[in-house]
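Chain by chain, the residues run as shown.
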Amino acid sequence: WKHLRTNRDWAYTHVARALGVVRLLAALLSPFLPTVAGLYLHYLGLQSEDGLLSSDLLAGIHAPQTLLAPGHRLGPRSRPLFREITADEVDALRARFSDPQGTDAGVPFLGGA
């Protein structure tokens, strides 16, 4: 944040890049996590069609700061989309989903023998 005081243009460009990367991320996540992608777009102040993976959007990969117009107004204040998983929850999930007998060792996830 210190760059906001000393070099505003540099700071604005980096924030714009980060926002452009979020727009790209929303497009890439859309087929797998459509609700999350939609929320990212909503927080960016964009419509769902703005998150479609297109040649125009892909052209912005090398300059993500161009993916939102200068002066673009963001949507509502964002909130965390995922909650932090505690160490106890990780241990519980490992115990629940691990294979203590080793019967699945070497079997591919999709279509084992």
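Our structure's up above, just so we're on the same page.
The following paragraphs examine the structure supplied in this document.

## Regarding the overall build of the protein
Phase 1 of the analysis: On a plain count of helices and strands, the protein comes out with five helices and zero strands.
Phase 2 of the analysis: Counting from the amino terminus, helix and strand elements in the protein follow one another as α-α-α-α-α.
Phase 3 of the analysis: Looking at the protein as a whole, 17% of its 113 residues are labelled buried.
Phase 4 of the analysis: A separation threshold of at least 6 residues defines the contact pool for the protein, and within that pool the share at least 24 residues apart is 62%.
Phase 5 of the analysis: Summed over all atoms, the accessible surface of the protein reaches about 9100 Å², with 59% contributed by carbon and sulfur.

## What to know about helix α2 (residues 8-29)
Phase 1 of the analysis: With 22 residues, α2 extends 31 Å between its outermost C-alpha atoms, agreeing within 8% with the 32 Å of an ideal straight helix rising 1.5 Å per residue.
Phase 2 of the analysis: Listed as buried for α2 are Ala11, Gly20, Arg23, Leu24, Ala26, Ala27 and Leu29.

## A short note on a nonpolar patch on the surface
Phase 1 of the analysis: The grouping of Leu28, Leu53, Leu58 and Ile61 at the surface amounts to a nonpolar patch, some 360 Å² of accessible area in total.
Phase 2 of the analysis: Secondary-structure assignment places Leu28 in helix α2.

## Here's the deal with the packing of α2 against helix α3 (residues 34-44)
Phase 1 of the analysis: Close contact between α2 and α3 brings their axes to 8 Å; oriented N to C, the two are set at 155°. Comparing the axis directions of α2 and α3 gives the class roughly antiparallel. Seen from above, α2 lies across α3 with left-handed handedness. Every residue of α3 that contacts α2 at Leu19, Val22, Arg23, Leu25, Ala26 and Leu29 is listed here: Pro34, Val36, Ala37, Tyr40, Leu41 and Leu44.

## What about the nonpolar core?
Phase 1 of the analysis: Core analysis: the largest hydrophobic core is formed by eight residues, namely Ala26, Leu29, Val36, Ala37, Leu41, Leu44, Leu46 and Leu68.
Phase 2 of the analysis: Take this core: its biggest share by element is four residues, from α3.
Phase 3 of the analysis: Non-local contacts of Leu29, meaning those with residues more than four positions away in its chain, are made with Pro34, Val36, Ala37 and Tyr40.

Conventions adopted
- Residues numbered from 1 in each chain as written.
- Predicted model: local features only at pLDDT ≥ 70, side-chain atom pairs only at ≥ 80, totals over all residues.
- Heavy atoms only, no water.
- Helix = DSSP H or I, 4+ residues; strand = E, 2+ residues; numbered from the N terminus.
- Buried < 20%, exposed > 50% of the residue type's maximum accessible area, 1.4 Å probe, protein only.
- Contact = heavy atoms within 4.5 Å.
- Areas by Shrake-Rupley, 256 points an atom, 1.4 Å probe, with all protein chains shown as cover.
- Expected span 1.5 Å × (residues − 1).
- Patch = residues over 30% accessible without salt bridge, like charges linked within 9 Å, V, L, I, M, F, W, Y side chains within 5 Å.
- Salt bridge = Lys/Arg side-chain N within 4 Å of Asp/Glu carboxyl O.
- Axes fitted to C-alpha atoms, helices over the stretch in contact; angles between N-to-C directions.
- Parallel < 35°, antiparallel > 145°, perpendicular 65-115°, else oblique.
- Left-handed = near helix turned anticlockwise from the far one by under 90°.
- Core = buried A, V, L, I, M, F, W, Y, C linked by side-chain atoms within 4.5 Å.

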